[in-house]
Every structure is written in C-alpha cells, then in structure tokens.
Amino acid sequence: MKVLITGSNGLLGQKLVDYCLAKDCAFVPTSKGENRNSICPQEIYREMDITNQAEVLRVISEEMPTHVIHTAAMTNVDQCELNPAECELINVTATRYLVRACNHVGAHFQLLSTDFVFDGEKGNYSEEDEMNPLSVYAKSKVDGEAIVEQESTTATSIVRTIIVYGNAENLSKSNIIAWAKSALEKGDPLTIVDDQFRAPTWAEDLAAGCMGVFEHNQTGIFHVSGPETMSIFELVVRIGKHFKLNTNQVSKITSSTLNQAASRPPKTGFNLNKAYSKINYKPHTLEETLAVLYPN
Ligand SMILES: NC(=O)c1ccc[n+]([C@@H]2O[C@H](COP(=O)([O-])OP(=O)(O)OC[C@H]3O[C@@H](n4cnc5c(N)ncnc54)[C@H](OP(=O)(O)O)[C@@H]3O)[C@@H](O)[C@H]2O)c1
C-alpha cells in the first residue's frame, strides 16, 4: 500500500502523516505551498495545488499511489457561503481532477465529507440516510460525493465526519477545543449555542478510521465521528469541567442570534455501527482525548 495524502498541512492531513510514520506505511504527503509540518519528512513531500489539473495528474502519475486520501478542502463554512465560486473550484472541480488522476493510475480514491450533507432534523445519521444540504459548503461536499460515485472507475470510499479537533502545527484555523480552553482560562464571558448538536471527533481517531477503510479492504460510505453527540454549549462546559475551570461565565444562546452567513444543521451525530463492525473503529470519548491532548 502506498497512500497519497492531499492537504497534509491540515489537521487531518498531519494526523495521517503521523499514522503512516507510526505504522511504517509508504506515503506521499502533498499540500499547497511548502511543507509546514515538522514531523513530515521533507524528502517525500510534494507540493500539489489540487486546483491545478496538470499538476494533480503529474504528481499522481509520478508517485503511482495505490490509495489517495483527499482531505484538502475549503473548510470554512461561512467563507464558502460568501465565495461560492472558490468553494466550487476547491471542493468540487478539484475533486474531479483527483478522481480522474486516480482513474488513470488505478488508485483507490477516498473523499472526506461532512455531517453537513444532512439537514439536521433527524440526528444520529446512518450512511443510507437522505442528504439535504443547507449551505454552499454542504452542497459542494454532496457534489463531490456524486463525482466519486459517478465518475470513478476505481475502488472508492467516502468518509463523513463531524467537528474535528486535535493538536497540530501551523494550521490556518483554530479548533473548538483549543479555542474553548483558552477562552475559559481567560475567564471572559462566553455565549455559546445550545441548539446545535454535534459529535466532536478526535483527529487521531479519524485518521485511524480513514486508514481502517483501506486496511480492511472496504469501499463505500463510512460515518466516522466521536462516539458522543452533545450541544456546543455542553461541549464547552465539559471542557471547562475537565480542566477545573470556572464555567459560570458561559451562557446559552440560539443560533439565530449569531448572524452567520451559512445555515447549519441543528442536530447531526452519526450512527457508527458500520464503522464499528467493518473497520474496527474505536473512537475515544471527549474526556479520554482531553487527558491525552493535555496531560498534567
Ligand atoms: N474540521 C472539521 O470540523 C471537519 C468536519 C467535517 C468534515 N471535514 C472535512 O475533513 C477534511 C479535513 O478537514 P481538516 O480539519 O483537516 O481541514 P483543514 O485543517 O482546513 O485542512 C485542509 C487543508 O487543505 C489545504 N488546501 C486548501 N486548498 C488547497 C489546494 N488548492 N490545494 C492543496 N491543498 C489545499 C489547506 O491548505 P492551507 O493549510 O495551506 O490553507 C489545508 O491544509 C476536509 O475535507 C473537511 O471538509 C472537516
């Protein structure tokens, strides 16, 4: 197995690099611009802008991976809403370039997708549940999934996940755990939504899930998230309690008061039974991961 990773500078990309190094699995880390991950061996890093079709075909043809994990994306949901053409290019058109390159070399193509493909009315979503995207970002992932299903001539998989968190280097954006911990430590008053329910996912569990699909010779859609669904308010309070920080300053608000550009599904969360049974997925609870991420 030789795994090519897109977006190796991103949060999941960095955890996939760690996973491949730990398991001694051959891999090719790629991202836009320079390698910003000090753990990632410079000698195997390839610069690859996924919106450059010729570059995508050249790098994949030269490296001849057996598997490609496509993590790179425009991931800021509100920015996607405000810049739909850029979102379409990065999340949809570039996915097509990668699918075509994988068709060319016969590699298994895996797309990272999102709980936002659902409208959030039902919650606890299974892989077969009907999609109903509420935002430009969500629609771009639905369209990416359709390209995988309609245009691939190789083995494929789609891994959908939910709010990913973890520690990594030089990320373009913060993650909710790091943000909440630091805000609670400062003791500032915080207003947190109590009407959006998610299953926060430790990036290391997600990396193991993505690779688990390959290791268990699986194809198709997999839901891979944390094992517990909670409101964002509950998430922040649990982080505070874990670190014995004062949470009296945290108050509840509703999403409608936030004026965010993109609509969010109220209640997601996944049924993980397929991942448990087919890829031996073993996710960690929030408190288990906090203890690992921030040891005393
Ligand atoms: N994070 C979440 O909460 C979440 C939830 C559901 C689904 N997902 C999906 O899971 C995947 C991984 O998420 P993540 O949190 O690891 O995202 P991330 O940290 O934002 O990483 C995405 C990476 O893609 C890179 N990228 C952007 N445009 C590119 C281009 N044109 N060519 C090459 N690379 C490019 C970014 O580069 P720069 O660093 O240089 O900007 C970044 O390193 C994404 O597909 C996302 O949609 C994430």
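Everything here concerns the structure above.
These remarks concern the structure in this document. (Residues numbered from 1 in each chain as written. Predicted model: local features only at pLDDT ≥ 70, side-chain atom pairs only at ≥ 80, totals over all residues. Heavy atoms only, no water.)

What follows is about the overall build of the chain. Scanning the chain from terminus to terminus reveals 10 helices and 13 strands. The buried share among the 296 residues of the chain stands at 54%. Taking contacts inside the chain between residues at least 6 apart in sequence as the whole, the part at least 24 apart equals 78%. Carbon and sulfur atoms form 48% of the exposed surface of the chain, whose accessible area is close to 13000 Å². Here the chain contributes 26 positive and 36 negative side-chain charges, whose respective centroids are spaced 2 Å apart. (Helix = DSSP H or I, 4+ residues; strand = E, 2+ residues; numbered from the N terminus. Buried < 20%, exposed > 50% of the residue type's maximum accessible area, 1.4 Å probe, protein only. Contact = heavy atoms within 4.5 Å. Areas by Shrake-Rupley, 256 points an atom, 1.4 Å probe, with all protein chains shown as cover. Lys, Arg positive; Asp, Glu negative; His and termini not counted. Charge placed at Lys NZ, Arg CZ, Asp CG, Glu CD.)

Neighbouring the ligand are 24 residues, the closest being L12, R36, Y137, K141 and V164. With respect to the ligand, the side chain of R36 contributes an N or O atom lying 2.7 Å from an oxygen atom. Interatomic distance of 3.0 Å between a backbone N/O atom of I50 and a nitrogen atom of the ligand. Notes on the ligand: free accessible area 900 Å², of which the protein chains cover 89%. Counting residues per element, the shell around the ligand draws most heavily on strand β5 (residues 108–114), at three residues. Within the shell around the ligand, the residues separate by chemical class into 10 nonpolar, nine polar and five charged. (Near = heavy atom within 4 Å. Polar contact = N/O pair within 3.5 Å; in protein donor to acceptor, adjacent residues only side chain to side chain. Nonpolar A, V, L, I, M, F, W, Y, C, P; charged D, E, K, R; others polar.)

You can see K122 is positioned in the loop between β5 and α5 (136–151). Distance from K122 to M211, taken between C-alpha atoms, is 29 Å for residues 89 residues apart in sequence. Polar contacts involving the side chain of K122 include one to the main-chain carbonyl oxygen of N124, which spans 3.4 Å. Engagement of the side chain of K122 in a polar contact is seen with the side chain of D129, the distance being 2.8 Å.

Glancing now at the environment of I60. The residue I60 is located in helix α2 (residues 53–63) in this model. For the pair I60 and A101, spaced 41 residues apart in sequence, the C-alpha separation works out to 6.5 Å. What I60 contacts, discounting residues up to four positions off in sequence, is L4, P65, V68, L98, A101 and V105.

A separate point is unusual backbone geometry. Here M64, not a glycine, exhibits a phi torsion of approximately 50°, which is positive. Structurally, M64 is set in the loop between α2 and β4 (67–70).

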